[in-house]
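# Architecture at a glance
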Amino acid sequence: MLAGRFRWAFGQDGGMVVEKNSNNQRRLGRPPATSSVETERKVLLVAREIFAIRGFEAATNRNIAEAAGITSGALYHYFGSKIALYMAVHEDVQSRVYAKFNEAVEGHETFLAKFEAILDAAHEMNVEDASVARFVGAVRVDAGRHPEMAAAVQPHALQRQAFFTELIDIGIANGEIAPKNRLMTQAFILAVLIGLTDASSDDHNLQRRAIAGIKSALRGTFLEDPEK
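Here we summarise the structure given alongside this text. Just so it is clear, the structure is predicted and the values come from calculations on it, not from any experiment. Within every chain, residues take consecutive numbers counted from 1 along the sequence as written. Totals for whole chains, interfaces and linings use all residues, but because this is a predicted model, local features are given only for residues with pLDDT of at least 70 and pairs of side-chain atoms are given and counted only at 80 or more. Side-chain measures here rest on the full set of heavy atoms in the structure, leaving out hydrogens and waters.

Here we take up the packing of helix 7 (residues 131–145) against helix 8 (residues 147–174). Axes, fitted as lines to C-alpha atoms, cover a helix only where it is in contact. Angles between the N-to-C directions of the axes lie from 0 to 180 degrees. We count a stretch as a helix when DSSP gives it H or I for four or more residues in a row; a strand needs E for two or more, and each element gets its number in order from the N terminus. Helix 8 packs onto helix 7 with a crossing angle of 130° between their chain directions and a minimal axis gap of 5 Å. Our classification of the angle between helix 7 and helix 8 gives oblique. Of the residues in helix 8, those in contact with Val139, Asp142, Ala143 and Arg145 of helix 7 are Pro147, Met149, Ala150 and Val153. Residue polarity is assigned by list, with Asp, Glu, Lys and Arg as charged and Ala, Val, Leu, Ile, Met, Phe, Trp, Tyr, Cys and Pro as nonpolar; anything else, Gly included, falls into the polar class. When the residues that make up the contact of helix 7 with helix 8 are grouped by side-chain class, the tally is 6 nonpolar, no polar and 2 charged. With respect to orientation, any angle under 35 degrees is reported as roughly parallel, any angle over 145 as roughly antiparallel, any angle of 65 to 115 as roughly perpendicular, and every other angle as oblique. Whether two residues are in contact is decided by their heavy atoms: any pair within 4.5 Å suffices.

The structure is reproduced here in C-alpha coordinates:
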(Lines give C-alpha, C1' and ligand atoms only; values in the text may rest on other atoms or scores of the structure.)
Protein backbone atom coordinates (compact mmCIF):
# COMPACT_ATOMS: atom_id res chain seq x y z
CA MET A 1 0.00 0.00 0.00
CA LEU A 2 1.35 3.44 -0.87
CA ALA A 3 0.91 4.81 2.61
CA GLY A 4 2.84 1.90 4.06
CA ARG A 5 5.99 2.85 2.15
CA PHE A 6 5.84 6.61 1.97
CA ARG A 7 4.46 9.58 3.85
CA TRP A 8 3.30 12.48 1.71
CA ALA A 9 3.45 15.89 3.36
CA PHE A 10 3.87 19.59 2.67
CA GLY A 11 7.37 20.98 3.12
CA GLN A 12 8.25 24.36 4.63
CA ASP A 13 7.96 26.01 1.23
CA GLY A 14 4.43 24.65 0.77
CA GLY A 15 5.47 22.03 -1.76
CA MET A 16 4.64 18.35 -1.39
CA VAL A 17 7.45 16.05 -0.34
CA VAL A 18 7.72 12.29 0.06
CA GLU A 19 9.32 10.76 3.14
CA LYS A 20 9.95 7.09 3.78
CA ASN A 21 8.09 5.64 6.74
CA SER A 22 10.22 3.97 9.35
CA ASN A 23 9.27 0.37 10.11
CA ASN A 24 9.18 1.17 13.81
CA GLN A 25 7.23 4.43 13.39
CA ARG A 26 4.27 4.52 15.75
CA ARG A 27 0.97 4.33 13.87
CA LEU A 28 -1.91 6.10 15.55
CA GLY A 29 -5.34 4.61 16.15
CA ARG A 30 -4.54 1.10 15.00
CA PRO A 31 -7.84 -0.75 14.38
CA PRO A 32 -8.48 -4.46 14.88
CA ALA A 33 -6.94 -6.58 12.13
CA THR A 34 -10.28 -8.24 11.35
CA SER A 35 -11.80 -4.97 10.17
CA SER A 36 -8.75 -3.43 8.47
CA VAL A 37 -9.54 -4.43 4.88
CA GLU A 38 -13.19 -3.42 5.10
CA THR A 39 -12.38 -0.12 6.79
CA GLU A 40 -9.67 0.77 4.30
CA ARG A 41 -12.06 0.03 1.43
CA LYS A 42 -14.72 2.24 2.99
CA VAL A 43 -12.23 5.07 3.56
CA LEU A 44 -11.18 4.97 -0.10
CA LEU A 45 -14.79 5.09 -1.27
CA VAL A 46 -15.71 7.96 1.04
CA ALA A 47 -12.52 9.88 0.27
CA ARG A 48 -13.12 9.52 -3.46
CA GLU A 49 -16.51 11.19 -3.16
CA ILE A 50 -15.29 13.99 -0.89
CA PHE A 51 -12.19 14.73 -2.98
CA ALA A 52 -14.34 14.65 -6.12
CA ILE A 53 -16.77 17.23 -4.73
CA ARG A 54 -14.47 19.48 -2.70
CA GLY A 55 -11.08 19.00 -4.32
CA PHE A 56 -7.83 18.32 -2.51
CA GLU A 57 -7.47 21.66 -0.71
CA ALA A 58 -10.99 21.92 0.72
CA ALA A 59 -11.30 18.30 1.83
CA THR A 60 -10.01 17.45 5.29
CA ASN A 61 -9.01 14.23 6.99
CA ARG A 62 -11.56 14.98 9.70
CA ASN A 63 -14.36 15.24 7.11
CA ILE A 64 -13.31 11.95 5.58
CA ALA A 65 -12.87 10.14 8.90
CA GLU A 66 -16.30 11.26 10.14
CA ALA A 67 -17.98 10.21 6.89
CA ALA A 68 -16.25 6.81 7.09
CA GLY A 69 -17.34 6.37 10.72
CA ILE A 70 -13.84 6.26 12.20
CA THR A 71 -11.62 8.59 14.20
CA SER A 72 -8.97 10.82 12.68
CA GLY A 73 -6.39 8.75 14.54
CA ALA A 74 -7.66 5.57 12.91
CA LEU A 75 -7.47 7.25 9.51
CA TYR A 76 -3.78 7.93 10.11
CA HIS A 77 -3.23 4.20 10.62
CA TYR A 78 -4.05 3.63 6.96
CA PHE A 79 -2.79 6.86 5.41
CA GLY A 80 -0.21 9.04 7.10
CA SER A 81 -1.41 12.25 5.47
CA LYS A 82 -4.11 13.70 3.24
CA ILE A 83 -1.90 13.55 0.17
CA ALA A 84 -1.12 9.88 0.86
CA LEU A 85 -4.85 9.20 0.99
CA TYR A 86 -5.44 11.22 -2.19
CA MET A 87 -2.80 9.26 -4.07
CA ALA A 88 -4.20 5.96 -2.80
CA VAL A 89 -7.64 6.96 -4.12
CA HIS A 90 -6.06 7.91 -7.44
CA GLU A 91 -4.29 4.55 -7.65
CA ASP A 92 -7.54 2.73 -6.89
CA VAL A 93 -9.53 4.72 -9.47
CA GLN A 94 -6.98 4.19 -12.22
CA SER A 95 -6.87 0.45 -11.49
CA ARG A 96 -10.65 0.24 -11.66
CA VAL A 97 -10.99 2.27 -14.84
CA TYR A 98 -8.36 0.46 -16.87
CA ALA A 99 -9.38 -2.97 -15.61
CA LYS A 100 -12.84 -2.12 -16.98
CA PHE A 101 -11.43 -0.77 -20.24
CA ASN A 102 -9.20 -3.82 -20.77
CA GLU A 103 -12.18 -6.08 -20.16
CA ALA A 104 -14.28 -4.03 -22.59
CA VAL A 105 -11.88 -4.30 -25.53
CA GLU A 106 -11.47 -8.07 -25.24
CA GLY A 107 -12.97 -9.93 -28.18
CA HIS A 108 -13.04 -6.91 -30.50
CA GLU A 109 -10.66 -6.78 -33.45
CA THR A 110 -10.89 -3.24 -34.80
CA PHE A 111 -10.09 0.18 -33.40
CA LEU A 112 -13.68 1.30 -33.93
CA ALA A 113 -15.17 -1.66 -32.10
CA LYS A 114 -12.70 -1.37 -29.24
CA PHE A 115 -13.19 2.38 -28.83
CA GLU A 116 -16.97 2.06 -28.91
CA ALA A 117 -16.71 -0.65 -26.22
CA ILE A 118 -14.61 1.73 -24.11
CA LEU A 119 -17.22 4.46 -24.46
CA ASP A 120 -19.92 2.04 -23.32
CA ALA A 121 -17.76 0.90 -20.39
CA ALA A 122 -17.15 4.50 -19.34
CA HIS A 123 -20.89 5.13 -19.32
CA GLU A 124 -21.57 1.94 -17.33
CA MET A 125 -19.02 2.97 -14.70
CA ASN A 126 -20.57 6.40 -14.48
CA VAL A 127 -24.04 4.97 -13.94
CA GLU A 128 -22.70 2.63 -11.26
CA ASP A 129 -20.77 5.34 -9.40
CA ALA A 130 -20.47 8.88 -10.76
CA SER A 131 -17.81 9.75 -8.15
CA VAL A 132 -15.23 7.90 -10.27
CA ALA A 133 -15.64 10.34 -13.18
CA ARG A 134 -15.92 13.30 -10.82
CA PHE A 135 -12.68 12.34 -9.11
CA VAL A 136 -10.86 11.96 -12.43
CA GLY A 137 -12.00 15.47 -13.32
CA ALA A 138 -10.94 16.80 -9.92
CA VAL A 139 -7.45 15.35 -10.35
CA ARG A 140 -6.91 17.47 -13.45
CA VAL A 141 -7.76 20.60 -11.45
CA ASP A 142 -5.75 19.60 -8.38
CA ALA A 143 -2.70 18.57 -10.40
CA GLY A 144 -2.80 21.92 -12.16
CA ARG A 145 -2.54 23.66 -8.80
CA HIS A 146 0.17 21.43 -7.33
CA PRO A 147 3.13 20.62 -9.62
CA GLU A 148 4.32 17.91 -7.22
CA MET A 149 0.95 16.20 -7.49
CA ALA A 150 1.12 16.46 -11.27
CA ALA A 151 4.46 14.68 -11.16
CA ALA A 152 3.04 12.01 -8.85
CA VAL A 153 0.16 11.16 -11.19
CA GLN A 154 2.33 11.29 -14.32
CA PRO A 155 3.02 7.51 -14.38
CA HIS A 156 -0.70 6.90 -14.78
CA ALA A 157 -0.85 9.41 -17.61
CA LEU A 158 1.89 7.45 -19.35
CA GLN A 159 -0.02 4.18 -18.80
CA ARG A 160 -3.14 5.76 -20.28
CA GLN A 161 -1.15 6.97 -23.27
CA ALA A 162 0.32 3.48 -23.80
CA PHE A 163 -3.15 1.91 -23.61
CA PHE A 164 -4.60 4.14 -26.31
CA THR A 165 -1.43 4.06 -28.41
CA GLU A 166 -1.94 0.31 -28.69
CA LEU A 167 -5.52 0.88 -29.88
CA ILE A 168 -4.36 3.39 -32.45
CA ASP A 169 -1.67 0.96 -33.66
CA ILE A 170 -4.44 -1.59 -34.27
CA GLY A 171 -6.41 1.01 -36.23
CA ILE A 172 -3.40 1.85 -38.35
CA ALA A 173 -2.62 -1.83 -38.97
CA ASN A 174 -6.23 -2.42 -40.01
CA GLY A 175 -6.25 0.55 -42.35
CA GLU A 176 -8.89 2.37 -40.27
CA ILE A 177 -6.51 5.19 -39.34
CA ALA A 178 -3.99 6.80 -41.67
CA PRO A 179 -0.51 6.86 -40.10
CA LYS A 180 -0.34 10.62 -40.64
CA ASN A 181 -3.42 10.98 -38.38
CA ARG A 182 -1.88 9.28 -35.32
CA LEU A 183 -1.43 12.48 -33.30
CA MET A 184 -4.81 13.79 -34.36
CA THR A 185 -6.42 10.54 -33.19
CA GLN A 186 -4.62 10.76 -29.86
CA ALA A 187 -5.92 14.30 -29.35
CA PHE A 188 -9.44 13.25 -30.39
CA ILE A 189 -9.52 10.38 -27.87
CA LEU A 190 -8.30 12.64 -25.07
CA ALA A 191 -10.85 15.32 -25.90
CA VAL A 192 -13.67 12.77 -26.01
CA LEU A 193 -12.79 11.21 -22.66
CA ILE A 194 -12.34 14.57 -20.94
CA GLY A 195 -15.62 15.76 -22.39
CA LEU A 196 -17.51 12.70 -21.16
CA THR A 197 -15.96 13.15 -17.73
CA ASP A 198 -16.25 16.89 -17.25
CA ALA A 199 -19.22 17.92 -19.35
CA SER A 200 -21.72 15.10 -19.08
CA SER A 201 -20.90 12.76 -16.19
CA ASP A 202 -23.57 14.30 -13.91
CA ASP A 203 -26.37 13.62 -16.41
CA HIS A 204 -26.60 9.99 -17.52
CA ASN A 205 -29.04 10.72 -20.33
CA LEU A 206 -26.88 13.53 -21.67
CA GLN A 207 -23.82 11.31 -21.56
CA ARG A 208 -25.65 8.49 -23.33
CA ARG A 209 -26.71 10.87 -26.12
CA ALA A 210 -23.16 12.24 -26.36
CA ILE A 211 -21.77 8.73 -26.76
CA ALA A 212 -24.35 7.97 -29.43
CA GLY A 213 -23.26 11.12 -31.26
CA ILE A 214 -19.57 10.18 -31.01
CA LYS A 215 -20.28 6.72 -32.40
CA SER A 216 -22.33 8.21 -35.23
CA ALA A 217 -19.54 10.65 -36.08
CA LEU A 218 -16.97 7.84 -36.08
CA ARG A 219 -19.13 5.82 -38.44
CA GLY A 220 -19.75 8.78 -40.74
CA THR A 221 -23.50 8.88 -40.17
CA PHE A 222 -23.70 11.96 -37.97
CA LEU A 223 -24.33 14.52 -40.72
CA GLU A 224 -26.70 14.33 -43.67
CA ASP A 225 -25.55 15.24 -47.17
CA PRO A 226 -27.62 18.35 -48.04
CA GLU A 227 -27.11 17.70 -51.76
CA LYS A 228 -28.86 14.35 -51.68
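Attention now goes to helix 5 (residues 82–105). Given a helix with a known number of residues, its expected span is that number minus one, times 1.5 Å. Over its 24 residues, helix 5 runs 35 Å from end to end, which matches the ideal 34 Å to within 8%, given 1.5 Å per residue. In this scheme, a residue with accessible area under 20% of its type's maximum is buried, one over 50% is exposed, and one in between is partly exposed, where area comes from a 1.4 Å probe on protein chains only. Counting buried positions over the 24 residues of helix 5 gives 17, a clear majority of the element. Phi turns positive one or two residues past the end of helix 5, at Gly107, with a value near 90°.

Quick look at helix 9 (residues 182–198) now. For helix 9, which comprises 17 residues, the first-to-last C-alpha distance of 24 Å matches the rise-based estimate of 24 Å (1.5 Å per residue) to within 8%. Of all the positions in helix 9, only Thr185, Ile189, Val192, Leu193, Leu196 and Thr197 are classed as buried. Projected onto a plane normal to the axis of helix 9, the buried residues spread over an arc of 130° and lie on a single side. Opposite the buried face of helix 9, at more than 90 degrees from it, the exposed residues are Leu183 and Met184. Buried positions along helix 9 lie against helix 6 (111–128), helix 7, helix 8 and helix 10 (204–218). Within this analysis, the arc is defined by the directions that extend from the helix axis to the C-beta atoms.

With that settled, consider the environment of Val97. With respect to the secondary-structure elements, Val97 resides in helix 5. Sequence separation between Val97 and Ile118 is 21 residues; the distance between their C-alpha atoms is 10.0 Å. Contacts of Val97, omitting those with residues within four sequence positions, involve Met125 and Val132.

As for its placement among the helices and strands, Asn61 is situated in helix 3 (residues 61–68). Identification of polar contacts relies on pairs of N or O atoms within 3.5 Å, with a donor-acceptor requirement for protein atoms, meaning one able to donate a hydrogen and the other able to accept it, and with residues adjacent in sequence counted only if both atoms are side-chain atoms. A polar contact is formed between the side chain of Asn61 and the side chain of Tyr76, at a distance of 3.4 Å. Not counting chain neighbours up to four residues away, the residues in contact with Asn61 comprise Leu75, Tyr76, Ser81, Lys82 and Leu85.

Joining through side-chain atoms within 4.5 Å is the link that ties buried Ala, Val, Leu, Ile, Met, Phe, Trp, Tyr and Cys residues into a set, and such a set is a nonpolar core. If you look at the biggest cluster of nonpolar residues, it comprises 55 residues, and the most contacted ones within it are Phe51, Phe79, Leu85, Tyr86, Phe101 and Phe164. With 13 residues, helix 5 is the largest single contributor of residues to this core. Beyond its immediate chain neighbours, meaning those up to four positions away, Phe101 contacts Ile118, Ala121, Ala122, Met125, Phe163 and Phe164.

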